[in-house]
Amino acid sequence: MTQGARPTPARRTVLGAVGAAALGASTALTAAGTAQADDRGPRPGRDHGPGRGRGYRSLPVPTVIAHRGASGYRPEHTLGSYQLALDLGADVIEQDLVPTKDGHLVCRHENDITGTTDVADHPEFASRRTTKDVDGTTLTGWFTEDFTLAELKTLRAKERIPGTRQENTLYDRRWTVPTFEEVLRWAETEGRRRGREIWLHVETKHPTYFRGLGLGLEERLAVLLRRYGRHRADSPTFLQSFEPTSMRRMAKLVATPRVVLLWTPDDRPWDFRQSGDPRTVADLVTPEGLAWIASFAQGIGPLLDLVIPKDADGRLGEPTTLVRDAHARGLILHPYTHRNENAFLPADFRRGTDPAAYGDSFGALKRYLETGIDGIFSDNPDTALLAAADAGRR
């Protein structure tokens, strides 16, 4: 998909066909009707609503992306975490999407909900505990794809790392697991209240795994993006995935800007493993690999170590050429993840011996921002915003 291009009839035809299979004929007809209405002229909540904006190049640089919401202060992927992130001033709020048994997209970092909900306290779901292989990793617990949405809504969210973020446990069981459609409605409400568009950064989690279960994410996501007017190149939304082919698939369904997430140099994306593609992340961060990504995406989301590697002692070394190379191919960079706690900071920015205590987060952020990155994912968006102001880049 060429940057800035509009949806074509071919894209709408594809979405209508796959929508019928993924969501049922009635939903597919609704999506097709929406596409036709877009051609007839503006409608409230669509062309004049939050879906049509100035595009991602209009965002402040560096863009502060609230990682799973303000997850440094509230249990991740809850409406409370998203709301606090917005109130703190984050430019963009992140969601990770996984499906339920009946095909609804919900916001969880993983489909394994053992550590992020109180499911273990529900005796009626004890028999659902099982062992699965997810992208080559064996996991035992409870999984969203084994629950209907109605069943999942009986659970309450809780802090994922209580040993590190004990204060966050105050908010355990306060919120349910939100659907992505609930988040879209929340963003519309907040956009009207604040008089501006609310930006989202939306990840498809384990798309190859879920497609194998008959729960393909991309088609379901595309229908919701169209329903809420976030399917255009200038929509206030990024799409992202660790599987490049997921973003290539999304490029055929919507024009929403896309970002390819990159982990360690030796990592081989799961979709590559399944298809026999021999490339690793080390191949994708070469000029040739970046040019390939730029053929269907507008940005990359690299691990921070790909921007500034650490030495054997865990201290920051010298920056790589990734920022320069990606920018030369028109790609923006949204690296991940900044956190305030010692446990997550480079060794030269830790303070004291308590891994849960805050270290020199501003010092680390200064080093990262000096590389010229376009944005950063942060569990503590207020800290990242202050660091950006200190750097004179806001």
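Residues numbered from 1 in each chain as written. Predicted model: local features only at pLDDT ≥ 70, side-chain atom pairs only at ≥ 80, totals over all residues. Heavy atoms only, no water.

(A) Inspection of helix 3 (residues 79-88) at higher detail. With seven of 10 residues buried, helix 3 is to be regarded as a mostly interior element. Looking at the packing, one finds that the buried side of helix 3 touches strand 1 (63-66), strand 2 (92-99), strand 3 (105-107), helix 5 (180-194) and helix 15 (381-390). At the C-terminal side of helix 3, Gly89 shows a positive phi close to 105 degrees. (Buried < 20%, exposed > 50% of the residue type's maximum accessible area, 1.4 Å probe, protein only. Helix = DSSP H or I, 4+ residues; strand = E, 2+ residues; numbered from the N terminus. Contact = heavy atoms within 4.5 Å.)

(B) Spatial organisation of the environment of Val281. Along the polypeptide, Val281 turns up in helix 10 (residues 281-284). Separated by 17 residues in the primary sequence, Val281 and Thr264 place their C-alpha atoms 6.6 Å from one another. In contact with Val281, not counting residues within four places along its chain, are Leu262, Trp263, Thr264, Pro265, Asp267 and Leu306.

(C) Structural detail: the packing of aromatic side chains. Taken as a whole and judged by the stated rule, the model has nine aromatic pairs. Geometrically, the ring pair formed by Trp199 and Phe238 is tilted, given 5.3 Å between the ring centres and 35 degrees between the ring planes. Residue Trp199 is found in strand 6 (residues 199-204), and its partner Phe238 is found in strand 7 (residues 237-241); the two are separated by 39 residues along the sequence. Classification of Trp199 by relative accessible area gives buried; the value is 3%. The ring centre of Trp175 lies 6.0 Å from the NZ or CZ of Arg174, which sits over that ring. Cation over ring: Arg248 sits above Phe296, and NZ or CZ is 5.6 Å from the ring centre. (Phe/Tyr/Trp six-rings, centres within 6.5 Å; stacked < 30°, edge-to-face > 60°. Lys NZ or Arg CZ within 6 Å of the ring centre and 35° of its normal.)

(D) Here's a closer look at the side chain of Glu145. Turning to its location among the elements, Glu145 is positioned in the loop between strand 5 (137-141) and helix 4 (149-152). Side chain to side chain, Glu145 and Tyr209 meet in a polar contact 2.6 Å long. (Polar contact = N/O pair within 3.5 Å; in protein donor to acceptor, adjacent residues only side chain to side chain.)

(E) Seen up close, unusual backbone geometry. Residue Pro62 is reached from Val61 by a cis peptide bond, and omega for that bond is 0 degrees. Among the structural elements, Pro62 can be located in the loop between helix 2 (25-40) and strand 1. The backbone of Arg68 shows a phi angle near 60 degrees, a positive value even though the residue is not glycine. Its place among the elements puts Arg68 in the loop between strand 1 and helix 3. Its identity as a non-glycine residue notwithstanding, Asp135 has a phi of 55 degrees, on the positive side. A relative accessible area of 18% means that Asp135 is categorised as buried.

(F) Just the pairing of strand 8 (residues 258-262), in detail. Strand 8 sits mainly inside the fold: five of its five residues count as buried. Here strand 8 shows a buried face lined by Arg258, Val260 and Leu262 and a second buried face lined by Val259 and Leu261. As paired strands, strand 7 and strand 8 are joined by three bridges and run parallel to one another. Note that in strand 8 the partner of Gln240 across the bridge is Val259. (Pairing = 2+ DSSP bridges.)

(G) Representation of the pairing of strand 2. With eight of eight residues buried, strand 2 lies mostly within the body of the structure. The alternating pattern of strand 2 places Val92, Glu94, Asp96 and Val98 on one face and Ile93, Gln95, Leu97 and Pro99 on the opposite face, and all of these are buried. Pairing of strand 1 with strand 2 involves two bridges; the strand directions are parallel. What sits directly across from Ala66, in strand 2, is Ile93. Pairing analysis gives six bridges linking strand 2 to strand 6, with the strands arranged parallel. If you follow Asp96 over to strand 6, its bridge partner there is Glu203. The turn joining strand 2 and strand 3, which pair antiparallel and follow one another in sequence, is formed by five residues; a positive phi near 85 degrees is taken by Gly103.

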